[in-house]
Amino acid sequence: MEFVALDMQDAEDRYRLEPVDALTPEKVFAARWAMALLGEAMNSLRREYATGHKMATFEGLKAFLDVGNSKEPPTYEQAAAALQVSVGAVKTLIHRLRKQYTALVREEIGRTVSNPADADAEIHELCEALMMAEGWILP
């Protein structure tokens, strides 16, 4: 048998040089919960557009909502050309889409809080969780 001497101070010094990961398991959970909640709101919005026979509009504009998408959204001009409407009309459609999405996110959050007055605080927590985990959490 050969004994190997361990230099604890050397090991501790090397450990201190390692990058610090500020994401605790609680923060990872909160970010994944936020992504799931946003995904559910997106699914609800998709169903609403499908029910209204407006899937082409939804598909053409969803990139303006998709925070998890790493691709650049199309320009207003590109979206207008794809939907065969004016740029002014596409801006209005995007505004309405975002308004509906916001309402659905609020509705989803409303299902998770016992007191509706807590919804704003929960939205703040959702945004904070997403910002803290930006680039670390995959949808």
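Look a little higher up for the structure.
Residues numbered from 1 in each chain as written. Predicted model: local features only at pLDDT ≥ 70, side-chain atom pairs only at ≥ 80, totals over all residues. Heavy atoms only, no water.

## Concerning the overall build of the protein
Stage number 1. When you go through the protein residue by residue, the secondary structure sums to 6 helices and 0 strands.
Stage number 2. The buried share of the protein, taken over its 139 residues, is 23%.
Stage number 3. In the protein, the share of contacts with a sequence separation of at least 24, taken over all contacts with a separation of at least 6, comes to 56%.
Stage number 4. Of the roughly 10300 Å² that the protein leaves accessible, carbon and sulfur atoms contribute 57%. (Helix = DSSP H or I, 4+ residues; strand = E, 2+ residues; numbered from the N terminus. Buried < 20%, exposed > 50% of the residue type's maximum accessible area, 1.4 Å probe, protein only. Contact = heavy atoms within 4.5 Å. Areas by Shrake-Rupley, 256 points an atom, 1.4 Å probe, with all protein chains shown as cover.)

## With respect to the side chain of S44
Stage number 1. When you line up the elements, S44 lands in helix α2 (residues 25-51).
Stage number 2. Not counting residues within four places of it along the chain, the set of residues in contact with S44 comprises L104 and E108.

## Focus on α2
Stage number 1. A rise of 1.5 Å per residue sets the reference length of α2, with its 27 residues, at 39 Å; its end C-alpha atoms lie 39 Å apart and thus fit the reference within 8%.
Stage number 2. Every buried residue of α2 is accounted for by A31, A34, L37, L38, A41, M42, S44, L45 and Y49.
Stage number 3. Packed against the buried residues of α2 are α3 (55-61), α5 (87-110) and α6 (119-132).
Stage number 4. Backbone geometry just downstream of α2 places H53 in the positive-phi region, at approximately 55 degrees. (Expected span 1.5 Å × (residues − 1).)

## A word on the packing of aromatic side chains
Stage number 1. Per the counting criterion, the structure on display carries 2 aromatic pairs.
Stage number 2. Ring centres 5.7 Å apart and planes at 45 degrees place the aromatic pair Y49 and F58 in the tilted group. Summarising the burial analysis for this pair, Y49 and F58 share the class buried.
Stage number 3. Aromatic pair F64 and Y76: ring centres 5.8 Å apart, planes at 35 degrees, arrangement tilted. Taken together, the residues F64 in the loop between α3 and α4 (76-83) and Y76 in helix α4 connect sequence positions 12 residues apart. (Phe/Tyr/Trp six-rings, centres within 6.5 Å; stacked < 30°, edge-to-face > 60°.)

## What about the packing of α2 against α6?
Stage number 1. One way to put it is that α2 packs onto α6 with a least axis distance of 8 Å and a crossing angle of 110 degrees. On the basis of their axis angle, the class for α2 and α6 is roughly perpendicular. Viewed along their axes, α2 and α6 form a crossing whose handedness is left-handed. Between α2 and α6, the residues in contact are K27, A30, A31, W33, A34, M35, L37 and L38 and E122, L126, A129, L130 and M132, respectively.
Stage number 2. Residue composition of the contact of α2 with α6, by class: 11 nonpolar, no polar and 2 charged. (Axes fitted to C-alpha atoms, helices over the stretch in contact; angles between N-to-C directions. Parallel < 35°, antiparallel > 145°, perpendicular 65-115°, else oblique. Left-handed = near helix turned anticlockwise from the far one by under 90°. Nonpolar A, V, L, I, M, F, W, Y, C, P; charged D, E, K, R; others polar.)

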